[in-house]
Amino acid sequence: MSNQDLLERYKKVMVPNYAPLPAVPIKAKGLKLWDADGKEYLDFTGGIAVTALGHIHDEVLTALKEQAEKLWHVSNYFANEPVIELAEALTSLTFAERCFFANSGSEVNEAALKLARRYAHNKVGEKKNKIIAFHKAFHGRSLFTVTAGGTDAYKQGFGPLPPQLHHSEHNDLEALAKIMDQDCCAVIMEPILGEGGVRNMDGQFAQGVRDLCDQHQALLIFDEVQTGMGRTGELFCYQGLGVTPDILTTAKALGNGFPIGAMMTSSEIANSFQPGTHGSTFGGNPLAAAVAKKTLEIISQPDILAGVRERGQELIQGLNQINEKHPIFTEIRGRGLLVGAQLKEGFTAGDILAKALKQGLLILQAGSDVLRFAPYLLITSAEIQEALGLLESAISEQINESR
Ligand SMILES: *Cc1c(COP(=O)(O)O)cnc(C)c1O
């Protein structure tokens, strides 16, 4: 079956909410990926910052196989050993004392927002229910989380939307101060806007938000679904910002491709969820937990995290060099191995993605005018240079065409 044959079948049976690229991946290992026509690619998307250790990492594969021989699923009427070990590891590596597990970023953000409402309800009363999020933010696709998100197009036609979700401007403390009051129960934010264009948050702003939350007894929720699990060169991005949230969520890379998400918090806040208040059939099942535990064990090693910071610098340096030869970016930003390159007006990320694909390089976009790079965290300098070479060819081709 060729790429084309598979895509024709796909179109006939799938809900058309995605527009798959012309390559259909059938196999992958490390940074490499092969499509149904046998073409080889360097994968700088990592399944949107998911396969942080690369495709089919040997030790993670072993963990998966070993657990698959023992126990897959028992439901949350039972405790299980892998989930205890995963929660022990996460709480020892973060501020958190308690964990809740689900299967995706949306679900753990949903849990975080529900927990914040419940906590405020128990502690103060029903009126304290206002949630503040940011324009351009992305928190998921469930109705609650998409309403928290800052992209209106994603909400269109799905109303009525849950009320009392307000939006403020990223990196603008005054704007936030104006809409915060005693009825606010939580502020949710990404330490770097991922989908919203890889936009860094300045440390001063983060501290200011923390202070405002304390002043108004609102919880600070950090959505680290994308920035967590070593992506920015710290295990979690908040650890580099020096600002500690009350609730932390992560998903994407937590299972290196196996679906799992975690919400982490203090025991005092966690106590607002009691048996029956919230749950998930699959959340924290032994198979997912065993895979995540191994993934976390590897990513949290200091030399791995140092490597992410170093390779991130090399990637940014290389992009700057391309930009000197072929001026196409107005800004290159990000942290660790989450890097965004803002395109000059007149260029579209989709066009460059298509050219890169032809060259054998897979990259992401974040909006229509930002290229996003999220390769696996174990990437070597040689692999970065190889990918930069392919990207340069794609870009020079695009520039020549648009002349
Ligand atoms: C991807 C993402 C989500 C949603 O995660 P899903 O697993 O797709 O539900 C939420 N927040 C951020 C910051 C993300 O990048």
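Remember, it's a predicted structure, so these values are computed and weren't measured experimentally.

Moving on: the sheet that holds strand E2 (residues 32-35). Read from one edge of the open sheet, 4 strands run E1-E2-E3-E15, paired in mixed fashion. Edge positions in the sheet fall to strand E1 (25-29) and strand E15 (361-362), since each has one partner strand and no second. As paired elements, strand E3 (residues 40-43) and E15 share 2 bridges and run parallel to each other. Opposite Asp-43, over in E15, you have Leu-362 as the bridge partner. Set on the sheet, helix H14 (residues 381-402) makes contact with E3 and E15; between it and E3 the angle comes to about 110°.

A separate point is unusual backbone geometry. With an omega of 0°, the peptide bond running from Gly-159 to Pro-160 counts as cis. Inspection of the secondary structure puts Pro-160 in the loop between helix H6 (143-148) and strand E6 (165-168). The backbone of Ser-75 shows a phi angle near 80°, a positive value even though the residue is not glycine. Accessibility expressed as a relative area gives 22% for Ser-75, which makes it partly exposed. Its identity is not glycine, yet Lys-136 carries a phi of approximately 75°, on the positive side. Its location among the elements puts Lys-136 in the loop between strand E5 (130-134) and H6. Note on Lys-136: relative accessible area 43%, which makes it partly exposed.

Looking now at the pattern of salt bridges. Under the definition given, this model contains 15 salt bridges. Note that Lys-29 is salt-bridged to Asp-58, the shortest N-O span being 2.8 Å. On the criterion of sequence distance, the pair formed by Lys-29 in strand E1 and Asp-58 in helix H3 (residues 58-68) is long-range, its members being 29 residues apart. Take Asp-58: its relative accessible area is 51%, and that puts it in the exposed class. Glu-331 serves as the salt-bridge partner of Arg-333, at 2.7 Å between the closest nitrogen and oxygen. By relative accessible area, Arg-333 is classed as buried at 9%. Three or more residues are tied together by salt bridges with common partners; here these are Arg-210, Asp-214 and Asp-246.

Moving on, we get to the pairing of strand E14 (residues 338-343). Burial of E14 is extensive: 6 of the 6 residues sit out of reach of the surface. A two-sided burial pattern is seen for E14, the buried positions comprising Leu-338, Gly-340 and Gln-342 on one face and Val-339, Ala-341 and Leu-343 on the other. Where strand E13 (residues 329-335) lies against E14, 6 bridges are found, and the strand directions are antiparallel. In the strand pairing of E14, Arg-333 is matched with Gly-340. Between E13 and E14, which pair antiparallel and follow one another directly, the connecting turn spans 2 residues, one of which, Gly-336, has a positive phi of 60°. Inspection of the sheet shows E14 paired to strand E17 (residues 370-373) by 4 bridges, in the antiparallel sense. The residue bridging Gly-340 from the neighbouring strand is Arg-372, located in E17.

Here the focus is the site of the ligand. Taken together, Ser-104, Gly-105, Ser-106, Asn-109, Phe-138, His-139, Gly-140, Glu-190, Asp-223, Val-225, Gln-226 and Lys-252 make up the full set of residues near the ligand. Isolated, the ligand exposes 390 Å² of accessible area, and the fraction of that covered by the protein chains is 82%. In terms of residues, the shell around the ligand owes the most to one element, helix H5 (residues 105-123), which gives 3 residues. Split into classes, the residues belonging to the shell around the ligand amount to 2 nonpolar, 7 polar and 3 charged.

Taken domain by domain, the protein comprises domain 1 (3-57 + 302-402) and domain 2 (58-299). The C-alpha-based centres of domain 1 and domain 2 are spaced at 26 Å. Taken together, the contact between domain 1 and domain 2 spans 30 residues of the former and 29 residues of the latter. In this assembly, domain 1 packs against domain 2 so that about 2,500 Å² is buried in total across both faces, 56% of it on carbon and sulfur atoms. Among the residues of domain 1 in contact with domain 2, His-57, Arg-335 and Leu-338 are the three that bury the most area, contributing 28% of the side total. Counting across the domain 1 and domain 2 interface gives 2 salt bridges. On the surface where domain 1 and domain 2 come into contact, there are 16 residue pairs in polar contact (both at pLDDT 80 or more).

Reading guide: rules and limits
- Residues numbered from 1 in each chain as written.
- Predicted model: local features only at pLDDT ≥ 70, side-chain atom pairs only at ≥ 80, totals over all residues.
- Heavy atoms only, no water.
- Pairing = 2+ DSSP bridges.
- Helix = DSSP H or I, 4+ residues; strand = E, 2+ residues; numbered from the N terminus.
- Contact = heavy atoms within 4.5 Å.
- Axes fitted to C-alpha atoms, helices over the stretch in contact; angles between N-to-C directions.
- Buried < 20%, exposed > 50% of the residue type's maximum accessible area, 1.4 Å probe, protein only.
- Salt bridge = Lys/Arg side-chain N within 4 Å of Asp/Glu carboxyl O.
- Near = heavy atom within 4 Å.
- Areas by Shrake-Rupley, 256 points an atom, 1.4 Å probe, with all protein chains shown as cover.
- Nonpolar A, V, L, I, M, F, W, Y, C, P; charged D, E, K, R; others polar.
- Domains from an automatic or database assignment.
- Buried area = accessible area lost by both parts, 1.4 Å probe.
- Polar contact = N/O pair within 3.5 Å; in protein donor to acceptor, adjacent residues only side chain to side chain.

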